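# Summary of structural features
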Amino acid sequence: MVSEYKIQIKGMVCDRCISAVREALQELHVPVTDVRLGEVTTVSALTAPDMEAIRAKLAPLGFDLVEDKRTKLVREVKMLVEQVYSGEYDFPQGFRFSDVVVKHFIRDYSSISQTFSAVEGITLEKYIMEYRVEKVKELLVYTSEPLSAIAFRLGFSSAAHLSRQFRSVTGLNASHFREMRREKEASRRQS
């Protein structure tokens, strides 16, 4: 049995709106099974970036996504994670992401973390670690920065800490991804 997910859309009032929304979602390659006034049914759950792309595509057409408070909070937490672990954040001494969350949302971390887990199905801490490891992979493959510099940029306490977390999440050593960079450079030189 295929799961279906609903997206609520504000501003749809006629058949022309249905056509416009369907066309916009097709351009974004969103797997839609049904479009009705105020509602779109998709084959699978959409990621936060997918939802942002949909929001951006529909806004000029006069439509907006309707999100419940919990979904909106999770989306905003993910955006904060992206901002903090972009590689450009200046981590102060004794940095704790939970302190940034409390300051940003002016709510206790426990309730935000529980909401995140309930909506996403994983803990906020696990999401953050997976996000950071994906960023590490990207930096290993596309830059020549040493592991210690990458660790510093992404808020790990040391290169050894980064390596342990990386292996824990991926099952691979960071050197595997560095080798991918070398192979890409070698193939580019041969071309």
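Before any of the text, the structure's been laid out above.
Structure report, in brief. (Residues numbered from 1 in each chain as written. Predicted model: local features only at pLDDT ≥ 70, side-chain atom pairs only at ≥ 80, totals over all residues. Heavy atoms only, no water.)

## Quick look at the pairing of strand S1 (residues 5-10)
Here four bridges tie S1 to strand S3 (residues 39-42), and the two strands are oriented antiparallel to one another. From the neighbouring strand, Ile7 faces S3, where its bridge partner is Val40. Looking at chain direction, S1 and strand S4 (residues 64-66) are connected through three bridges and run antiparallel. Its bridge partner lying in S4, Lys10 is registered against Asp64. (Pairing = 2+ DSSP bridges. Helix = DSSP H or I, 4+ residues; strand = E, 2+ residues; numbered from the N terminus.)

## With respect to the environment of Val100
Mapped onto the secondary structure, Val100 falls in helix H4 (residues 97-105). The class of Val100 is buried, set by a relative accessible area of 15%. Taking the C-alpha atoms as reference points, Val100 and Val81, 19 residues apart in sequence, are found 9.8 Å from one another. With residues near it in sequence (within four places) discarded, Val100 still touches Leu80, Val84, Tyr89 and Phe95. (Buried < 20%, exposed > 50% of the residue type's maximum accessible area, 1.4 Å probe, protein only. Contact = heavy atoms within 4.5 Å.)

## As for unusual backbone geometry
Not every positive phi belongs to a glycine, and His29 is a case in point at roughly 60°. As for its position among the elements, His29 is in the loop between helix H1 (15-27) and strand S2 (32-36).

## Let's talk about the packing of aromatic side chains
Tallied over the full model, the rule gives nine aromatic pairs. Judged by centre distance (4.9 Å) and plane angle (80°), the ring pair of Phe91 and Phe95 falls under edge-to-face. Since its relative accessible area comes to 18%, Phe91 is described here as buried. Judged by relative accessible area, Phe95 falls into the partly exposed class, the value being 21%. Counting every residue linked through ring pairs, the aromatic cluster contains Tyr85, Tyr89, Phe91, Phe95 and Phe97. We note Arg132 situated over the ring of Phe156; from NZ or CZ to the ring centre the distance is 3.9 Å. (Phe/Tyr/Trp six-rings, centres within 6.5 Å; stacked < 30°, edge-to-face > 60°. Lys NZ or Arg CZ within 6 Å of the ring centre and 35° of its normal.)

## Observations regarding the nonpolar core
Formed by 18 residues in total, the largest nonpolar core has its most connected members in Val77, Val81, Phe97 and Leu124. Every element with two or more residues in this core is listed here: helix H3 (69-84), H4, helix H5 (109-120) and helix H6 (124-142). The biggest single contributor to this core is H3, with six residues. Every residue in contact with Phe97, bar those within four places of it in the chain, is listed here: Leu80, Val81, Val84, Tyr85, Leu124 and Ile128. Grouped together as the second largest cluster of nonpolar side chains are 16 residues, Ile7, Met12, Phe63 and Leu65 included. (Core = buried A, V, L, I, M, F, W, Y, C linked by side-chain atoms within 4.5 Å.)

## Observations regarding the side chain of Thr41
In this structure, Thr41 sits in strand S3. Residue classification places Thr41 among the buried positions, given a relative accessible area of 2%. Within the structure, the side chain of Thr41 is placed 3.1 Å from the side chain of Lys6, a separation counted as a polar contact. (Polar contact = N/O pair within 3.5 Å; in protein donor to acceptor, adjacent residues only side chain to side chain.)

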